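Read off the chains here:
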Amino acid sequence: MNFLRGVMGGPSAGPQPSGAETIQKLCDRVASSTLLDDRRDAVRALKSLSKKYRLEVGIQAMEHLIHVLQTDRSDSEIIGYALDTLYNVISNDLEEEEQDDSEEENLPKQVDDLGSQFTEIFIKQQENVTLLLTLVEEFDFHVRWPGVKLLTSLLKQQGPQVQQIILVSPMGVSRLMDLLADSREVIRNDGVLLLQQLTKSNAAIQKIVAFENAFERLLDIITEEGNSDGGIVVEDCLLLLQNLLKNNNSNQNFFKEGSYIQRMKPWFEVGDDNCGWSAQKVTNLHLMLQLVRVLVSPTNPPGATSSCQKAMFHCGLLEQLCTILMATGVPADILTETINTVSEVIRGCQMNQDYFASVNAPSNPPRPAIVVLLMSMVNERQPFVLRCAVLYCFQCFLYKNQKGQGEIVSTLLPSTIDATGNSVSAGQLLCGGLFSTDSLSNWCAAVALAHALQENATLKEQLLRVQLATSIGNPPVSLLQQCTNILSQGDKIDRRGSKVQTRVGLLMLLCTWLSNCSIAVTHFLHNPANIPFLTGQIAENLGEEEQLVQGLCALLLGISIYYNDNSLENYRKEKLKQLIEKRIGRENFIEKLGFISKHELYSRAAQKPQPSFSSPDHMMFDHEFTKLVKELEGVISKAIYKSSEEDKKEEEVKKTLEQHDNIVTHYKKVIREQDQELEELKQRVNTLTSQNEQLQATVTQQVSQIQQHKDQYNLLKVQLGKDNQHHNSHSDTFQMNGIQTEEVSKLKEELEEWKNKHELLQGQLREKDSVIEKLKSSQLEMGTMEQSSQTSKSGGLEHNNELQKELEMLRSQIKLQSAEISKLQIENQKLQVMNATADPVLGGSGATAANNPELEGRLEQEIKELKSEVKALSEEKESLKQHLDSSSSTVAILQDEKSKLQQEVAESKKEQDDLLVLLADQDQKLSALKVKLKDLGVPIEDEDDIESGDQGDEDEDGDEEEQD
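A brief look at the structure comes next. (Residues numbered from 1 in each chain as written. Predicted model: local features only at pLDDT ≥ 70, side-chain atom pairs only at ≥ 80, totals over all residues. Heavy atoms only, no water.)

Digging into a nonpolar patch on the surface
A cluster of nonpolar side chains, namely Ile663, Tyr667 and Ile671, defines an oily patch on the protein surface of about 300 Å² accessible area. Mapped onto the secondary structure, Ile663 falls in helix α37 (residues 644-720). (Patch = residues over 30% accessible without salt bridge, like charges linked within 9 Å, V, L, I, M, F, W, Y side chains within 5 Å. Areas by Shrake-Rupley, 256 points an atom, 1.4 Å probe, with all protein chains shown as cover. Salt bridge = Lys/Arg side-chain N within 4 Å of Asp/Glu carboxyl O. Helix = DSSP H or I, 4+ residues; strand = E, 2+ residues; numbered from the N terminus.)

A word on a negative patch on the surface
Residues Glu749, Glu753, Glu904, Glu907, Glu911, Asp913 and Asp914 make up a contiguous surface patch of negative charge. The biggest single contributor to the negative patch is helix α43 (residues 853-935), with 5 residues. By relative accessible area, Glu753 is classed as partly exposed at 46%. (Lys, Arg positive; Asp, Glu negative; His and termini not counted. Charge placed at Lys NZ, Arg CZ, Asp CG, Glu CD. Buried < 20%, exposed > 50% of the residue type's maximum accessible area, 1.4 Å probe, protein only.)

Things to note about the state of the cysteines
Inspection of every chain in the model, using the stated rule, returns 0 disulfides. The cysteine Cys431 is free of any disulfide, with Cys483 supplying the nearest cysteine sulfur at 8.1 Å. Among the residues examined, Cys431 registers a relative accessible area of 10% and is labelled buried. No disulfide involves Cys511; its nearest neighbouring cysteine sulfur is the one of Cys553, lying 8.4 Å away. By relative accessible area, Cys511 is classed as buried at 0%. (Disulfide = S-S within 2.5 Å.)

Comments concerning the pattern of salt bridges
On inspection of all chains with the given rule, the structure shows 26 salt bridges. Of the charged contacts, one joins Arg29 and Asp38 as a salt bridge, the two residues approaching to 3.2 Å between their closest N and O atoms. According to the relative accessible area criterion, Arg29 is partly exposed, its value standing at 29%. Its relative accessible area of 18% is what places Asp38 among the buried residues. Of the charged contacts, one joins Asp182 and Arg144 as a salt bridge, the two residues approaching to 2.7 Å between their closest N and O atoms. Here Arg144 lies in helix α8 (residues 141-157) and Asp182 lies in the loop between α10 (172-177) and α11 (185-198), a separation of 38 residues in the sequence. Of the two residues examined, Asp182 and Arg144, each falls in the buried class.

Section: helix α28 (residues 499-514)
Here α28 contains 16 residues, and its C-alpha end-to-end distance of 23 Å stays within 8% of the 22 Å for a straight helix at 1.5 Å per residue. Counting buried positions over the 16 residues of α28 gives 15, a clear majority of the element. Phi turns positive one or two residues past the end of α28, at Asn516, with a value near 60°. (Expected span 1.5 Å × (residues − 1).)

Below is the structure:
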């Protein structure tokens, strides 16, 4: 401290040391002192002297300060003093410097050179910048903040060199991106300024910053600060966003794909009361509109611009911009920039152009926004920049928009003009501006109408039908005739502004109208005053201002020759060329034609589509017209020098080219159709590929299911035995044919049904067998029936036949027994007759009966035996009758069951036939699917291999059964 007192001031008996000497002593102290406090005090003293003695401190202390940054990093205070001192030395900020009144005017330039020189010394050793990046990572406020300011100053002085050092430094850009996440606003805000300088004109760093999530962080900061109502921080963030997006297609695409366009919509939300906007809000909103324009700039790749335009429409950003456009109380410069922004958002995008055409202004009655804007364009009391913006908006609305062009031209046609006069149309406004006494309105209306005809031959022909009423009592004249009349009488009409501007605008309109439209050329040549006027204008030696008019007249005359179809005898191509040769001279004509492209205003207009002029007097050329001049200047020059024979040859060539063009158009159409077919085929291939994959998965599943069914089949075959062989063979055939999963399940269900039917039939057969057994037990004497009943077990149909035979035998036996019974009854009757005749004989001769007791006893015994025998026979007859009745009922039942069985057999045969047909159809489908799969290149296992594999499995099963 004693040292500092001696250096910084205080009473001293000797002479006071100079500033350079003091700085030298402080530098020695920093270099030689071993105590950190002494070095810290010396660096603090250097910081206080660095503003006044910037040059001396920079020359003597820079090396020592850098050494302090390298060696004393543990002390944040000395590091902060050293960084502040370096910042004061390198920075060119003069606001904090105390300047004398006698300061020279060239001091700022000297200061700029001084800062640049010190910066060059500092970055000569790249390790210094790397060290500074390391210090910026420190969280300590006294280190980080001065480090950010110093690095920003370095970038301002030697931007490209410092950018390159940071770019090659490991994680250099990523370290600086952490500044945006700092909770201390002053560091975060200075970090935004640092990134502004870092991203200037360096696409590589811009990409790195963008992919380090810069868009998300910056948009969050803008939202936190209140969007357009925010302060200067919002302005700094918007400037950084412009650096990242302007002329950087990769970042623009990343911004769009990240859905950040949708987050821009709240920026443009304005209320009903738009009075009293602050200057900062106007600046912020102006930058926001410029940021939208960066994304849809005509200089961007068409695909990127189109995708951004569509995104702005779908998220409602275009609607929000149109709301600002039609709002009241919006500042003029914001309104102008909004019109320019809407222009580029709709330019070349049919969807956005259609939406803009549907926007109405909040007036009573409502008017289309286009009409309201055109009213501003042709109103000479509106600001010049606003009229230019409206013209640009109208041009962008018509750019590649044939539908919009047709709507504008239709408002001029006689059939669509509103006869009531209640509303003003776009066409009426354009005609009013075209023929007003304000030259700027003439030029704007002529250019706007030319854009309505751009590259649209149909509308050029339709516009020839437009008739204008010039004055009461005079017949109407065509629009083309009126344009040429004003052109020829331009000097006689008193106009406000440049008369040359009006003539240039009309000539541009006529050149656009007549180009590539032979009918319009014929109408133009039909007026006998037009060609003499053009040749007179070209032949005169006029002043420098009139040279532009002469060039445009030469272009119009050249178009009348080049697109002439020779339909007018007096104005054929050859005669017009002869007229040029006699009145003007070919060389002179070509020279006058070249006046256009050599003009300075032509070069300016050719640079970009937006009409930007410093003053109304410079408003001469339109961007699209410069393209037309560039296209026609060469071909007109060649056409002037061609002879009639060459013209004929050219006509033939043109016809040939037209034929070729027709052929090419035809082939293009064919190619388009083939492309569509190719796309459809590709889609079909993709569909078939997916189907193929699905079928392969299905086949895999079916193979596994078939294998399971085979195993189930083998088990069922063992369980069911030989009786199920027929059905199992069918099931095996089904499985071997590769039936689909659903059909296999159906067949399994049918197999179960057949099994149930089979078991039911077996149960019925068992019941019938039991009935027959009962019959056999009741008729033991009929031995033959036992044998037939045993044989009836072999089959259903043979069993019924045998039963019928047995019934016949029973009937025959019953007949035999009934015959025996009748015989016995006859004998019994005879015996009764004999007994009746014997009684009177016995009664008449009792002696004889008494004499023959033995005969009487024998007769009585025989009678008893006959009676018992007759009784037994009658009982047997009754039992046989009962048995016969039961047998006949059994036969009837069996016959019914037989008919049912026959019906069921017929149904089963029919079902088997249906199954065979189904299997045949399925076989055909599977074959077709296999053919498709083979065509697609999918390996398919051959059916024979599957069958052979299945047969092999069956053979193995059969061998096992035989062994069992």
